[in-house]
Amino acid sequence: MVRRKTVKAKPSSPRNVTTGLCPKCGTIGKILIIGATGVEKGKCQSCNSEFTL
């Protein structure tokens, strides 16, 4: 018999996406984190506007 290897579950969303409240349009949803470490900006997917975190 052959031993089967276990398969690790992959995350369903990219690591640079979080859920939060957009300060511009006020919707709760996915927020993309853009930029280098230390100077990150957030980008709302619904209104497509950028803001500082």
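Description of the structure in this document.

## Some thoughts on the overall build of the protein
Turning to step 1, where the next piece is worked out: Secondary structure summary: the protein contains 0 helices and 4 strands in total.
Turning to step 2, where the next piece is worked out: The C-alpha atoms of the protein give 17 Å as radius of gyration, which overshoots the globular expectation for 53 residues (10 Å, by more than 25%).
Turning to step 3, where the next piece is worked out: Once the C-alpha set of the protein is aligned to its principal axes, its extents read approximately 60 × 25 × 15 Å.
Turning to step 4, where the next piece is worked out: Contacts spanning at least 24 positions in sequence make up 11% of the contacts within the protein whose residues lie at least 6 apart.
Turning to step 5, where the next piece is worked out: Accessible area of the protein: about 4,900 Å², with a carbon and sulfur share of 54%.

## Side note on unusual backbone geometry
Turning to step 1, where the next piece is worked out: Of note in the backbone geometry, Asn-48 takes a positive phi value of approximately 60° without being a glycine.
Turning to step 2, where the next piece is worked out: Position of Asn-48 relative to the elements: it lies in the loop between strand E3 (41–44) and strand E4 (50–52).

## A word on the pairing of strand E2 (residues 28–34)
Turning to step 1, where the next piece is worked out: Sheet analysis places strand E1 (residues 17–21) next to E2, joined by 5 bridges and oriented antiparallel. Within the sheet, the bridge partner assigned to Val-17 lies in E2 and is Leu-32.
Turning to step 2, where the next piece is worked out: Connecting E1 to the antiparallel partner E2 that follows it, the hairpin turn spans 6 residues, and Gly-26 within it adopts a positive phi of roughly 85°.
Turning to step 3, where the next piece is worked out: Note that E2 and E3 share 4 bridges and pair antiparallel. The residue bridging Ile-34 from the neighbouring strand is Lys-41, located in E3.
Turning to step 4, where the next piece is worked out: If you look at the hairpin formed by E2 and E3, you'll find 6 residues sitting between the two strands, and Gly-35 has a positive phi there, around 110°.

Procedures and definitions
- Residues numbered from 1 in each chain as written.
- Predicted model: local features only at pLDDT ≥ 70, side-chain atom pairs only at ≥ 80, totals over all residues.
- Heavy atoms only, no water.
- Helix = DSSP H or I, 4+ residues; strand = E, 2+ residues; numbered from the N terminus.
- Rg over C-alpha atoms; globule rule 2.2 N^0.38 Å.
- Contact = heavy atoms within 4.5 Å.
- Areas by Shrake-Rupley, 256 points an atom, 1.4 Å probe, with all protein chains shown as cover.
- Pairing = 2+ DSSP bridges.

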